[in-house]
Amino acid sequence: MEKKKNQNLTIADARKNELVLSALKVFCKKGYHSATINDIVKKAKCSHGLFYHYFKNKKELFDAVCESRGHHMMYFLDKVLEENSNYVDKLIKLTEYTFSNMKNDEIFAYRYYFFVSRIFEKAEMGVMPPKDKVPPHLRMTEFFEQGIALGDFNDKYSARDCARLYNSIIQGATLNFILYPKELKRSFNFPSIQFIADIFKKEIINA
C-alpha cells in the first residue's frame, strides 16, 4: 500500500518518505536512544549525504515519524461506535480490523506499535493530548466505559484498566508480528479474537 502511494510522489518526496518509514521500523525495534543514523540509512539503503539533505539530525527525523501517523484507525473507531450493536461485537470488529490490516500492510503494524508506545510513554510522564486529538488507543477507555454502562462488559474492573489490558494485548501481538521473520509473516498467528473479547465480556448468569 505504501509503495502505491509512493508512485504518486516526486522522486524527492519518495526518498524522504522512505527515510521516514525506515526510521519508523528502526525506532520500533531499537528505540529512539539506541537507534543511530547509520542504522536508519542502512535500512533505507541510502547514503548519509542523502539523509542530511532532508534532515538535520535524528531528532528532526523522529519528529517527522511522529507526524506521519495515519487516521485510518480513528475513522474506523468512529464508524464502529456509531453502529447499532453491542460492545462485545464492536470490540471483535475493531480487533479484526487491526489484525487484518497488520497482515495486509506491514507499515500499519509498525505505526500502530510506535504510536501506542509513544502514547504510553507520554501518559507515564503526565503529558496528555488535547481532548479533540485523543488517539483511538486512549479513546478505548471511553469505549469500555460505555460498554460497562450498557452491561456488555464485566464491571468488576474499571474501564481504564480494561483499556490498558486491551491495548497491552494488541501492542504485544503487534511487537511479536514486527519481530517475526519477514518470509513467515503471512503465516503468523495472532491471538484468538473471540478469546480477547471473552476476557471483557460480562457473563450472563441464568436464574
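Summary of the structure given here. (Residues numbered from 1 in each chain as written. Predicted model: local features only at pLDDT ≥ 70, side-chain atom pairs only at ≥ 80, totals over all residues. Heavy atoms only, no water.)

Observations regarding the overall build of the protein
The condition that has to hold: A run of DSSP states H or I qualifies as a helix once it reaches four residues; a run of E qualifies as a strand once it reaches two. Both are numbered from the N-terminal end. Relative accessible area decides the class of each residue, using a 1.4 Å probe on protein chains only: under 20% of the type maximum gives buried, over 50% gives exposed, and in between gives partly exposed.
When helices and strands are tallied, the protein shows 11 helices and 0 strands. When the elements of the protein are put in sequence order from the N terminus, they spell out α-α-α-α-α-α-α-α-α-α-α. Counting over 207 residues, the protein shows a buried share of 42%.

Digging into the packing of helix 2 (residues 11-30) against helix 3 (residues 37-44)
Helix-helix packing is characterised by the crossing angle of the two axes and by the distance between the axes. Defined as follows: Only C-alpha atoms enter the line fits that serve as axes; for helices the fit covers just the stretch in contact. Angles between N-to-C directions range over 0 to 180 degrees. Each angle gets one of four labels, with under 35 degrees taken as roughly parallel, over 145 as roughly antiparallel, 65 to 115 as roughly perpendicular, and the rest as oblique. Each helix crossing is assigned a hand: it is left-handed if the near helix lies turned anticlockwise from the far helix by less than a right angle, otherwise right-handed if that turn is clockwise. By definition in these notes, contact holds between two residues if any of their heavy atoms fall within 4.5 Å. When residue character is reported, Ala, Val, Leu, Ile, Met, Phe, Trp, Tyr, Cys and Pro are called nonpolar, Asp, Glu, Lys and Arg charged, and the others, Gly included, polar.
Between helix 2 and helix 3, whose axes approach to 8 Å, the crossing angle comes to 125 degrees. As judged from the angle between their axes, helix 2 and helix 3 are oblique. Remark: the crossing between helix 2 and helix 3 carries right-handed chirality. Two secondary-structure elements touch here, helix 2 through E18, L19, S22, A23, K25, V26, F27 and K30 and helix 3 through D39, I40, K43 and A44. A breakdown of the residues in the contact of helix 2 with helix 3 according to their chemical character gives 6 nonpolar, 1 polar and 5 charged.

Brief notes about the packing of aromatic side chains
Note the following rule: Two rings from Phe, Tyr or Trp (for Trp, the six-membered ring) form a pair when their centres sit within 6.5 Å of each other. Planes less than 30 degrees apart are called stacked, planes more than 60 degrees apart edge-to-face, and all others tilted. Whether a charge sits over a ring depends on NZ of Lys or CZ of Arg being within 6 Å of the ring centre and within 35 degrees of the ring normal.
Scanning all chains against the criterion turns up 21 aromatic pairs. Pairing Y97 with F108 gives two aromatic rings, centres 6.1 Å apart and planes at 85 degrees, and the pair type is edge-to-face. Placement of the pair is Y97 in helix 7 (residues 87-104) and F108 in helix 8 (residues 106-124), with a sequence separation of 11 residues. Residue Y97 is classed as buried on the basis of its relative accessible area of 15%. Residue classification places F108 among the buried residues on the basis of a relative accessible area of 11%. Taken together, Y87, F143, F144, F153, Y166 and F200 form an aromatic cluster joined through their ring pairs. A cation sits over an aromatic face here: K58 above Y32, 4.4 Å from the ring centre. Positioned above the aromatic ring of Y87, the side-chain terminus of K90 is 4.3 Å from the ring centre.

Some details on the pattern of salt bridges
Defined as follows: Take a side-chain nitrogen of Lys or Arg and a carboxyl oxygen of Asp or Glu: if they are within 4 Å of each other, that pair is a salt bridge.
Scanning the entire structure with this criterion turns up 4 salt bridges. E83 is the partner of K93 in a salt bridge, and the nearest nitrogen-oxygen pair spans 3.1 Å. Of this pair, K93 sits in helix 7 while E83 sits in the loop between helix 6 (72-81) and helix 7, placing them 10 residues apart in sequence. For K93, a relative accessible area of 33% puts it in the partly exposed group.

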